[in-house]
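Inside the fold
Chain by chain, the residues:
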Amino acid sequence: MTPTSTSADFHHPDIQLPRLIAHRGYSAAAPENTLAAVRAAHKAGARWVELDVQLLGDGKAVIWHDADVARCSDGRGDLKHLSWTQAQKLDVGGWFNDDFAGERMASLAAMLELLNELEMGVNMELKVNKGHDPRLLAETCLPPMLAELPCERLIISSFSQLALQTCREQADAQTLALGLLCDALPPDWLAQCQRLEAFSLHPSWYRLKRAQAEAIKQAGYALLCYTVNDPSAFTPYWQWGVDSAITDQPAAFQRYLDNHAN
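Please read all numbers here as calculations on a predicted model, not as lab measurements.

This next bit is on the nonpolar core. Membership of the largest hydrophobic core comes to 66 residues, with the highest contact counts inside it found for Leu126, Ile156 and Phe234. Apart from residues lying up to four places away in sequence, Phe234 is in contact with Trp205, Cys225, Val228, Val242, Ala245 and Phe253.

This part takes up the pattern of salt bridges. Overall, the coordinates contain nine salt bridges when judged by the stated rule. A salt bridge links Glu169 to Arg135; the shortest N-O distance between them is 3.0 Å. In this pair, Glu169 is assigned in helix H5 (residues 161-170) and Arg135 in helix H4 (residues 134-148), connecting sequence segments 34 residues apart. Asp183 is paired through a salt bridge with Arg207; the nearest N and O atoms lie 3.0 Å apart. Linking Asp183 in the loop between strand S6 (177-181) and helix H6 (189-196) with Arg207 in the loop between strand S7 (200-202) and helix H7 (210-218), this pair joins segments that are 24 residues apart in sequence. Among the ionic contacts, a cluster of salt bridges with common partners joins Arg24, Glu32, Asp52, Asp66 and Arg71.

It is worth spelling out empty space enclosed by the protein at this point. Using the criterion set out here, one finds one cavity of 30 Å³ or more in the structure. Lining the largest cavity are Glu32, Asn33, Trp64, His65, Asp66, Arg71 and Cys72. Here the residues of the lining of the largest cavity are counted per class, giving two nonpolar, two polar and three charged.

The rules behind the values
Residues numbered from 1 in each chain as written. Predicted model: local features only at pLDDT ≥ 70, side-chain atom pairs only at ≥ 80, totals over all residues. Heavy atoms only, no water. Core = buried A, V, L, I, M, F, W, Y, C linked by side-chain atoms within 4.5 Å. Buried < 20%, exposed > 50% of the residue type's maximum accessible area, 1.4 Å probe, protein only. Contact = heavy atoms within 4.5 Å. Salt bridge = Lys/Arg side-chain N within 4 Å of Asp/Glu carboxyl O. Helix = DSSP H or I, 4+ residues; strand = E, 2+ residues; numbered from the N terminus. 1 Å grid on protein atoms, 1.4 Å probe; cavity = no way out; pocket = protein on both sides within 12 Å on 5 of 7 lines; lining within 4 Å. Points joined across faces, edges and corners; volume = space filled by probe spheres on them. Nonpolar A, V, L, I, M, F, W, Y, C, P; charged D, E, K, R; others polar.

Take a look at the structure:
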């Protein structure tokens, strides 16, 4: 199979990617991965957000990045040891600033409801932290996302091949867009994408080379780069064919683009 034919072999959802995707919501303006951060992203004009989902110890799906709650709450403890009742007692906004004191951890269900209310798209990362089961995460989280969001407003990404493969077992390429997350682009990226019938690749922008970007685009895959907070340094990447930049600073990034439009 030639690189130019790989993505075209599959019918993907008709996803209209924006140039900018707000990382963990508007995480420079509100506590990351919260309902408040998504509302802030929408207010700033973002049409898509990137979020993280994982499971608590009682199996509840929540929007959260870290394996524990120390960095982004007033509590301590690993997620895998917390119940939903315990998690709801945590203040996950006061650490950011007093304006967000009392913000609570968002359940996946509440976040999906908000995304639909705001008509926003989401790149949802299946966050497989150490000691967590990638297959269980995918089997728990994917069904409600498929049920609640139009396929044109959903990309599921992960560093975990098992999580992505589990998702593909549940939904075909026409129903679900999968994104392969990576730091540096792996040598076998094309084979991985073929196995997953992937829609997109999501490499770290500062590890991406021009030849790699051009090969990805030649193969027909969407290319989303994380986490981009220097719009000037990123300027050449648009010419390489990058579709979207995942950024903590969507408003500032958009102002830069507006001011430097040709």
